[in-house]
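# A look at the structure
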Amino acid sequence: QVQLVESGGGLVQAGGSLRLSCAASGPTFSNYAMGWFRQAPGKEHEFVASISWRGGSTSYADSVNGRFTISRDNAKNTVYLQMNSLKSEDTAVYYCAASRGRIATIKRSDFGSWGQGTQVTVSS
């Protein structure tokens, strides 16, 4: 099972940007699609974005489409989430996840490994 560690969260003003990183351990990182989810206080776990094993295909939640960009560097075993034009409703704990397959899935049940999460707080 791949180990995942997120970083890059923090406090930012509305309209600002942050880039999250997720470093993965293990030699098989490039074999799997990766994704980002988030959970705000009192809300359900929510899909944010995913990327296929080679990075050729991506999927986004409607709420972040056009503002967030997911990317990956398989040579560095790292996946990124660039977040622009942040809004207060983006405040949440963001989790990196590794899929069991290669396609850019949006289903939480398709992901088998999860990081501990990183807090993103957007002040209005």
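See above for the structure.
Residues numbered from 1 in each chain as written. Predicted model: local features only at pLDDT ≥ 70, side-chain atom pairs only at ≥ 80, totals over all residues. Heavy atoms only, no water.

## Considering the nonpolar core
- Ranked by internal contacts, the top residues of the largest apolar core, which has 32 residues, are M34, W36, V79, L81, M83 and Y94.
- Those elements that provide at least two residues to this core are strand 3 (18-24), strand 4 (34-39), strand 5 (46-51), strand 7 (68-73), strand 8 (78-83), strand 9 (92-99) and strand 11 (118-123).
- At five residues, the largest contribution of residues to this core is made by strand 9. (Core = buried A, V, L, I, M, F, W, Y, C linked by side-chain atoms within 4.5 Å. Buried < 20%, exposed > 50% of the residue type's maximum accessible area, 1.4 Å probe, protein only. Helix = DSSP H or I, 4+ residues; strand = E, 2+ residues; numbered from the N terminus.)

## What about the state of the cysteines?
- Under the counting rule described, the total for this entry stands at one disulfide.
- Note that C22 is cross-linked by a disulfide to C96, the S-S spacing being 2.1 Å. Classification of the bridge connecting C22 and C96 rests on its S-S torsion, roughly -80°, and on that basis the disulfide is left-handed. Residue C22 is found in strand 3, and its partner C96 is found in strand 9; the two are separated by 74 residues along the sequence. Of the two residues examined, C22 and C96, each falls in the buried class. (Disulfide = S-S within 2.5 Å.)

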